[in-house]
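Commentary on secondary and tertiary structure
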Amino acid sequence: MTYEEVMEKAKSQIGPYCKVCPECNGRACKNQIPGPGAKGIGDVAIRNYDAWKNIRINMDTICPNTQPDTETELFGEKYAYPFFAGPVGAMKLHYGDKYDDLAYNDILVSACAQNGIAAFTGDGTNPEVFKAATAAIRKNGGQGIPTVKPWNMETIREKLALVDESGAKMVAMDIDAAGLPFLKNMTPPAGSKTVEELSEIINAAGIPFIVKGIMTVSGAKKALEAGASAIVVSNHGGRVLDQTPATAEVLERIVEWNQGRMKIFVDGGIRQGSDIFKALAMGADAVLIARPFVQAVYGGGEEGVRLYIEKLASELKDTMAMCGAASIKDISRNMIYHSL
């Protein structure tokens, strides 16, 4: 099976909303929710994608002819590449009946672990979703990053106990999920957290904690104050708030302020190895990619995930070689050009 065959098969497997476009740029699904669209007029996912394409790459091949080394280390863990599968939930609602959240996470976690990266797993109102995700991570030697929704503290503690049992090396919270409609009507209430509340959660976790959904320097400062080890510069793919900037538009400001105090991930519209290169050149430590991994699972299961990882890896290595970057640490700001 080829990656192109995976994409073609996904069209008949993924349900009525996702169109499995040749390039997942947000235009076809726009504000289609249920489905992979963005909130409001639906332009944030499109803006995320376009912002990366507006950044260009400075080619320089007067350099040693070496095979680029893409190995990445985060919190003492080594990964083959500096990219991860992002968390996705409510599979049947948004992507059709082929997989529920439990089956999707099981395939994704295993395939990513086998191919040198890790998957961020989703969470949901059904407690079995998180239980199955952490079970999949445990089955794969702790290779996976469980992502907890901002529930009330009692629920979070229950989920953190499952994280501990899974052997996961780090845990995340998509704090921006506070904008999801189903969280607003929870009893007890769930949603946004104060610095003090987030600090309590991070202390209870006991392992490196990643706060996903940071879009401002102010938000990054509060995450650091709460004790986060890393943040994800993310607008949740445009699904929680209309009219936000693209992640590429705010990344460098946050990196400049951070000065290496926390690890920085970024997501939103990253689709090719060249996009990954651009994010790293702007100072990110790694990136997350979500929607295309869904297409890979629906079109080819574990093999589809492997083929997509290999595609991204090949594109990243090619870009590095053509810019004179022998390793991830060699990727620098002067290797890209943009006017953001």
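Everything below is about the structure printed above this text.
Bear in mind that the values here come from a model prediction, so they are computed numbers and not experimental data.

A tally of helices and strands in the chain yields 12 helices and 12 strands. Its C-alpha atoms put the chain at 60 × 45 × 40 Å along the principal axes. Contacts in the chain between residues far apart in sequence, at least 24 positions, make up 72% of those at least 6 positions apart. Accessible surface for the chain amounts to roughly 13,900 Å². Of this, 49% is attributable to carbon and sulfur atoms. Side-chain charges in the chain split into 36 positive and 40 negative, and the spacing between the mean points of these groups amounts to 4 Å.

Moving on: the sheet that holds strand β7 (residues 171-174). Pairing in this open sheet of 8 strands is parallel, and the strands run β4-β11-β10-β9-β8-β7-β6-β5 from one edge to the other. A single partner strand is all that each edge strand has here, and the edge strands are β4 (83-85) and β5 (120-121). With 2 bridges joining them, β5 and strand β6 (residues 145-148) adopt parallel strand pairing. When the sheet's bridge partners are listed, T121 is paired in β6 with P146.

The next subject is the nonpolar core. Formed by 96 residues in total, the largest nonpolar core has its most connected members in Y104 and F293. Once residues lying within four places of it in the same chain are set aside, the contact partners of F293 are F84, A85, Y104, L108, C112, I117, V305, Y308 and I309. Counting 14 residues, the second largest nonpolar core, distinct from the first, contains A118, V232, F265 and L288.

Below, the discussion takes up the packing of aromatic side chains. Enumeration according to the criterion identifies 9 aromatic pairs in this entry. Seen in terms of ring centroids, Y79 and F84 are 5.0 Å apart; in terms of plane orientation they differ by 75°. Their pairing is edge-to-face. By relative accessible area, which is 4% here, Y79 ends up buried. For the pair F293 and Y308, a centre-to-centre distance of 5.0 Å together with 85° between the ring planes defines the contact as edge-to-face. A residue is classified by how much of its surface remains accessible, and F293, at 0% relative accessible area, is buried. Directly above the ring of Y49 sits K53, whose terminal nitrogen or CZ lies 4.5 Å from the centroid. Between R261 and the ring centre of W257, over which it is positioned, the NZ or CZ distance is 4.2 Å.

A separate point is the pattern of salt bridges. A complete count under the given rule lists 16 salt bridges for this structure. R27 is the salt-bridge partner of D50, the closest N and O atoms lying 2.8 Å from each other. Taken together, the residues span a long stretch of sequence, with D50 in helix α2 (residues 44-53) and R27 in the loop between α1 (3-10) and α2 at a distance of 23 residues. Looking at D50, the relative accessible area reads 25%, which means it is partly exposed.

What follows covers helix α4 (residues 101-114). With 14 residues, α4 should reach 20 Å at 1.5 Å per residue; the first-to-last C-alpha distance of 20 Å fits that figure. Of all the positions in α4, only D101, Y104, N105, I107, L108, V109, S110, A111 and C112 are classed as buried. Elements in contact with the buried residues of α4: β4, α3 (91-95), β5, α5 (127-139) and α12 (291-323). Directly after α4, the chain includes G116, whose backbone phi takes a positive value near 90°.

With omega at 10°, the peptide bond leading from I33 into P34 counts as cis. Residue position: P34 is located in the loop between α1 and α2. With phi around 65°, Q243 is a residue other than glycine that occupies positive phi space. Along the chain, Q243 falls in the loop between β9 (230-233) and α10 (247-258). Positioned with a positive phi, Q259 is a non-glycine residue whose angle comes to about 55°. Relative to the assigned elements, Q259 resides in the loop between α10 and β10 (263-266). Residue Q259 is classed as exposed on the basis of its relative accessible area of 62%.

About the cut-offs
- Residues numbered from 1 in each chain as written.
- Predicted model: local features only at pLDDT ≥ 70, side-chain atom pairs only at ≥ 80, totals over all residues.
- Heavy atoms only, no water.
- Helix = DSSP H or I, 4+ residues; strand = E, 2+ residues; numbered from the N terminus.
- Contact = heavy atoms within 4.5 Å.
- Areas by Shrake-Rupley, 256 points an atom, 1.4 Å probe, with all protein chains shown as cover.
- Lys, Arg positive; Asp, Glu negative; His and termini not counted.
- Charge placed at Lys NZ, Arg CZ, Asp CG, Glu CD.
- Pairing = 2+ DSSP bridges.
- Core = buried A, V, L, I, M, F, W, Y, C linked by side-chain atoms within 4.5 Å.
- Buried < 20%, exposed > 50% of the residue type's maximum accessible area, 1.4 Å probe, protein only.
- Phe/Tyr/Trp six-rings, centres within 6.5 Å; stacked < 30°, edge-to-face > 60°.
- Lys NZ or Arg CZ within 6 Å of the ring centre and 35° of its normal.
- Salt bridge = Lys/Arg side-chain N within 4 Å of Asp/Glu carboxyl O.
- Expected span 1.5 Å × (residues − 1).

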